[in-house]
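# Chain and residue survey
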Amino acid sequence: MADTVKLKINGMDVEAPQGATILEAARQIGIEIPTLCYMKEINAIGACRICVVEVKGARTLVASCVYPVAEGMEVTTNSGTVYKARRATLELILSNHRKDCLTCLRSQNCELQKIAKDAGIQEVRFHSDNLEPQIENSTLHLVRDNSKCILCRRCVAVCKQNQSVAVIGPNDRGFDTHISCAFDRNLDEVPCVSCGQCITVCPTGALTERDETEKVFLALADPGKHVVVGAAPSIRVTLGECFDMPVGSNVEGKMVAALRRLGFDRVFDVNIAADLTIMEEAHEFISRVQNGGVLPLITSCSPGWIRFCEQYYPEFIPNLSSCKSPQQMFGAMVKTYYAQKEGLNPEDVFVVTIMPCTAKKYENHRDGTSALDGIPDVDVALTTRELARMIAHSGIMFRDLPDEEPDEAFSENTGAGVIFGATGGVMEAALRTAVESITGKELPDVEFTAVRGTEGIKEAAYAVGDLNVRTAVSSGLANARKLLEGIKSGERQYDFIEIMGCPGGCVNGGGQPVQPQTVRNFTDLRAIRAKSLYDMDREKPLRKSHENPLIQKVYEDFLGEPGSHKAHEVLHTRYQKREKYPGVKV
Amino acid sequence: MEPVKPHTHDETVTSLNNTDFYKHQLRVALRNCGVINPESIDEYIAFDGYSALARALTEQTPAEIVEIVLKSGLRGRGGAGFPTGRKWQFAADAQNDVKYVACNADEGDPGAFMDRSVLEGDPHSVIEAMVIAGYAVGAHQGYIYVRAEYPIAVERLNIAIRQAKEYGFLGDNIFGTGFAFDLEIRLGAGAFVCGEETALITSIEGNRGEPRPRPPFPAVKGLFGKPTLLNNVETYANIPWILQNGWEKFAAIGTEKSKGTKIFALGGKIRNTGLVEVPIGTTLRTVVEEVGGGCPGGKKFKAAQTGGPSGGCIPAAHIDIPIDYESLSSIGSMMGSGGLIIMDEDNCMVDIARYFLDFTVDESCGKCTPCRIGTKRLCQLLDKITGGSGTMEDVELLEELCAHISNNSLCALGQTAPNPVLSTLRYFRDEYEAHVIDKKCPAGVCKGLLQYGINDKCTGCTACVRVCPTGAISGKVKEKHVIDPAKCIKCNACMEKCRFNAIVKG
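Parameters at a glance
Residues numbered from 1 in each chain as written. Chains lettered and ligands numbered in written order. Predicted model: local features only at pLDDT ≥ 70, side-chain atom pairs only at ≥ 80, totals over all residues. Domains from an automatic or database assignment. Contact = placed C-beta atoms within 7 Å. Helix = DSSP H or I, 4+ residues; strand = E, 2+ residues; numbered from the N terminus. Nonpolar A, V, L, I, M, F, W, Y, C, P; charged D, E, K, R; others polar. Core = buried A, V, L, I, M, F, W, Y, C linked by C-beta atoms within 7 Å. Buried ≥ 20, exposed ≤ 12 C-beta atoms within 10 Å, placed from the backbone. Axes fitted to C-alpha atoms, helices over the stretch in contact; angles between N-to-C directions. Parallel < 35°, antiparallel > 145°, perpendicular 65-115°, else oblique. Pairing = 2+ DSSP bridges.

### Description of the domain arrangement of chain A
All names here are of chain A.
- We note that the domain assignment places domain 1 (4–92), domain 2 (124–209) and domain 3 (214–290 + 304–422 + 508–571) within chain A.
- Its C-alpha centre places domain 2 at a distance of 29 Å from the equivalent point of domain 3.
- On the side of domain 3, 19 residues touch domain 2, which itself brings 14 residues to the contact.
- The element contributing the most residues to the side of domain 2 that touches domain 3 is helix α5 (residues 197–201), with four residues.
- Grouping the constituent residues of the side of domain 2 that touches domain 3 by class yields eight nonpolar, five polar and one charged.

Okay, here's the thing in C-alpha cells:
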C-alpha cells in the first residue's frame, strides 16, 4: 500500500499521508478548517459538525476532522453548501449558549466567539433559549457553568483519556444532554483530582478556574498586610502567551516587574523553594536507600498527583516523599524564616503564589500540614491566567516592561529549580544533587537527558557509585496509572519515580494559558515551553540545588540540615487515604 | 341408544389462510411463529430447524454460504436495505484473528414489533442464523443486543440458547466439525439510537450508546475494535430458510432489486391491525385495502407512514406504489424496519410530523449539534405552526433546517429525522399553509387553531350547557346557544353530547 494518497481539495492537488484526515490534508495547502470538538487523538468524535466539508460522491457532508483521505478524493471546503451548513450549525450552537460575552472570563479567548465572528454571524434565526447561569462551584479549584457548555466533550476526553480519572461525562440525552458527574453529583462528591486539564481545553467559558484575584487585590490594598508573592518555575515561560507573545517566550524579568507594579511588598521566586525541595527529597532518597526505607520513592510536587494517589492508589502512600511541594515550602519558609528575620508577625504576612496549576488551590486547604498552627502556608494560589487578568486590569503594559530582578531575601535559585516546570525536571534536579552526595564527586555533566522529553513514561538507570538507580518519570495521570499498575504486577521495578499530574508537567498545567485547539492540535506546547526552561537552566551559573548559596545559608541559619527536626516541622507533610465517594457505601 | 348427531353449521368455515388478512401474505421470516412452541427446540428441529446449520458446517465452505446469501438478494431488514451478502463478504474478507457476529434486536420504532415477534415466536431461527454467520465470516462469538423492555423475548432467547448449548448447536465442536461459536445476550436500556449500528456496538462495549463516525465501518473495525458482522433479527430469520430452500426460491420472491418478503406492523386507522408479511413489491393498496380491510368507519384513506420516525408519509395518490426499497425512497419515504401506520381524513399531517419530531427530540443521543439542537428547533417551529402563530417565514426556515439536519448529522438517526416533516411538506403543503395563512387545522386536530361554535340546528335543549366543564356555553332554553371562546377549553364534550349536530368546530 502506498504511503501517501493524492486528492484534490478545492481543485488543488494535495498529496497526503495515508490515514490522514481531510482536516490535516487541508492544512497542507494553507486552509485551516474550524473545529470545536476535535482534539487530535484524544477527542476525534466528529460531534460538533463545524468542520464539515463536501466530498464528491458522499451522501451527506462529512466531518473533516475524522474523515480519512482517499486516493482520488475530491473535497470542497468552501462551497455554498459548506458555507450555509457551517453557519446554520453555529446558529444552532449559539441558540443554546448563554451569550453573555461581556461578562465572560473567556471573552476574546473563546473559540466559539472567534468562529462565530469569523463566520460573520449577526443573528440567530432559530428560537434562542433564555439561559440562566448554571453554576457548579462545589470544588476549590473550578467553576462549571453549563449554560455556556456546547457539549464538545473535550473536558470529558482529557479527564478520561489523559488523566484516567473520568469523573465527568454526558448525562441525560438529546437536547437535555449535559456534562456532569455520575448521578449529577457535585464535583466535590466524586474523585476529581483538581488538575484543571478540563479548563485548558474548554473552547468556551463553561469551565474556568475559581477566580481568587479579588482576594489578592484586597490584600494588596490592606496596609496591615505584608503581601509576598512568588511564581512557580514554569510561569516565566508561559505568562507571555497571555499578552500575545510567542509560545515559549521567557518573560521572567517582565513578570517580576509586573508583580512589583501590582504592589506586592516583596517579589520572591518559588524557584528557590524548588531547590529546597531537592535538598530535602534527595536527602530522603539517600536515607531510604541507605536505611532500607520504602522504595521506590515517588515525588510529591504535584498536588493533582497526590490527590490521585490518596484516592485511587492509597497503597502507594508509603512511597510518597514526605516533602511538601515547592509552593508549600515557599509559603512555609516565608511565614517562618523570612518573617522571623524581618521581625514580622506571621499572621500579617499574606503569601500569594502564581501557579501553573488549579490543584494548588486545593493544596492550600489540605488540613493540618502548615508550618505554623492555624496559619496557612500559602494564602492564595493564582493561576497564570488569573495573574494575567490582574496585570491587564491594573493597566500594566506588560510587553513594554523592563526586566527586573526579584527581591533578594528569598529568591536566588539554580538551574535545578528552573527545570521543575517540565516533566523529568524534578528527577534531573534530584539526581544532580543525590549523585554528588552519594559519590562525593562532582558530576562531569549535569544533564540527564534520558529523563527529558514529552513522552508519557520515561525510564533510565544510572550507576551511582555502587548503586544502580532505576528511575522512571511519568506525566499525565493515565500514564501514572500505567506505571503504578506495572509496579503492582511486578512487571516494572524502580528506585525513584517522578510523577506529574498533567501531561508534560507544569508547563502544561491546568492553570496555564488557554491556547485554542487549532494551535494545540498541531503544536506541541509542552515541548516548546519546556525548551525555554532548559535554555534558562543552561544559562544559569549554578545548576545544582546544593550549590545555591542562599539555600546553604538557610540551612545554616534556620533549618539545620536536610531532614532535620526543624526541616520536618516546616517542609514536610503527611498523606492519608481519601474516600473516592465520601458518604457513599459501595 | 341413538348416536349423537355431529354438530353442523350452516356456513362454510374458510381456512385462515384464505381470509383477506392472510391470503396475500407469505410467511418466510415468520414461518414458525404461532406454529411451533418457541420454548421447544425439538419442535424447531421437527420443522427442519438446525438442518441448514448442519449442512453448512458439514457440506459447505464459508465462501459458499456467503455466495448463497449474496445470490439470494436478501437485503438488511433493519431499514437501510444494504445487501446482506455484501456485508457478510466484507466481514469475511476482513483480516483479523478475532471477529464478532452481532444481532440488532433493539427494535425502537413506535408501534413496530416484528423483531419481538420473531424472538418470542421463533428464537432458534435467529440463533441458527447467527451460528451460520459466524461460520461464514470466521467469528466464534456472537452477541444479541435486545431491549430490556422485551422480557418475554429475552426469556425465550435465554431458553433457546440454553437448549442449543445442550444439543451442541452452540459451544465447542458444533456437529463434531471443530467449529466453535458462543452467544451472549446484551440488554439495551431502550434507547432508540442504539438501533444505529455504531451506537449499538458502543453500547455492547459498555459505554453510553452513541454512534461514532464511519469510516471505519463495523465490518472493518467494530465491536471492541474487531471486524463485526451486524444484522437485524428479521434479516437473520430469513437465513435458515434461504439455506434450506435455496437462494433461487428466495430470489423468486419480490421485485428485481428487492427480494423476499417483508414484515410490516400494520397499525393506525385500519380495520385489521397486526403483523403482516408480504412479498416485497406488494402494492400499498393491497396491504391497506385487502390485508388491512381499509379504514374503519368508512373514512377516507389519507396517507400511510412507513419507516417510523425516520420515514415519510405516502399520500393516497401513491397508493398503487409497490412497497420496495427503491420505490419508497423515490417518493421520500423509506422501507424502514417495518412500521406501517395508516392515517385517514381525521389526521392532521402537520400534527403527525410534530408527533414524530417529538419522538426524535427525546431519542436523539445528544452527541452531534444538528440532531441535538436542530431537531429541538424543528419541533419548536412545528409547535408554533400547530399552535397558530406560525408564519410563512417559519415554513421556509423549517425547510432549510430539515435540509441542514439531513445533510449534517453524524448518524442515520439525525440524517433521517426530518423525513416526516419533509414528506408532509411535499405532499400536504396545503395543510401547512392552512395552519399558517388561514389559521385553520383542516382535520380539526390542532387545538391551538380550533374554534367551537353552535349553528342553527341548535334546539336549545341545554344538554351542552350541563356537560361543559368551564361554563363556556350560555343561552335560553329552546333558543340557540352560544360558546364563549375565551372560556372554551376545546375538550369536545359538547360535541359528543349534542344530538342535533349543532356543535361545529373548525
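After presenting the structure, the write-up continues.
### Some details on the nonpolar core
- Residues Cys155(A), Val126(B), Met130(B), Val131(B), Ile132(B), Val287(B) and Leu378(B) are the most contacted members of the largest nonpolar core, which totals 318 residues.
- Sort the elements by how many residues they give to this core and helix α7 (residues 123–137) of chain B lands first, with 10 residues.
- Once you skip the residues sitting within four places of it in the chain, Val287(B) turns out to touch Phe264(B), Leu266(B), Val276(B), Val278(B), Thr282(B), Gly292(B), Ile323(B) and Leu340(B).
- Of all hydrophobic cores here, the second largest spans 11 residues; its members include Tyr452(B), Cys494(B), Cys498(B) and Ile503(B).

### Things to note about the packing of helix α6 (residues 114–121) of chain B against helix α10 (residues 233–245) of chain B
All names here are of chain B.
- At a minimum axis distance of 9 Å, the contact between α6 and α10 shows a crossing angle of 45°. Judged by the inter-axis angle, α6 sits oblique to α10. Where α6 abuts α10, its residues Met114, Asp115, Val118 and Leu119 lie against Val233, Glu234 and Ala237.
- Taken together, the residues that form the contact of α6 with α10 break down as five nonpolar, no polar and two charged.

### So, the domain arrangement of chain B
All names here are of chain B.
- Domain parsing of chain B yields domain 1 (29–251), domain 2 (261–344), domain 3 (349–438) and domain 4 (451–505).
- A straight line from the C-alpha centre of domain 1 to that of domain 3 covers 35 Å.
- On the domain 3 side, the residues contacting the 11 residues of domain 1 number eight residues.
- Residues that form the side of domain 1 that touches domain 3 fall into these classes: seven nonpolar, two polar and two charged.

### Concerning the interface of chain A and chain B
- Taken together, the contacts link 27 residues of chain A with 27 residues of chain B.
- Broken down by class, the residue content of the side of chain A that touches chain B amounts to 16 nonpolar, eight polar and three charged.

### Quick word on the pairing of strand β14 (residues 349–355) of chain A
Residues and elements named next belong to chain A.
- With seven of its seven residues buried, β14 lies for the most part within the structure.
- Of the two faces of β14, the one holding Val349, Val351, Thr353 and Met355 and the one holding Phe350, Val352 and Ile354 are both buried throughout.
- Inspection of the sheet shows strand β11 (residues 226–231) paired to β14 by six bridges, in the parallel sense. Counted as the bridge partner of valine 227 is phenylalanine 350 from β14.

### Quick look at the sheet that holds β11(A)
Residue and element names in this part refer to chain A.
- What the four strands build is an open sheet, ordered β12-β11-β14-β15; its pairing is parallel. Edge positions in the sheet fall to β12 (266–269) and β15 (380–383), since each has one partner strand and no second. Strand-to-strand twist of the sheet, defined as the mean angle between neighbouring strand axes without regard to direction, takes the value 25°.
- As judged from the four bridges shared by β14 and β15, these two strands associate in the parallel manner. In the strand pairing of β15, isoleucine 354 is matched with leucine 382.

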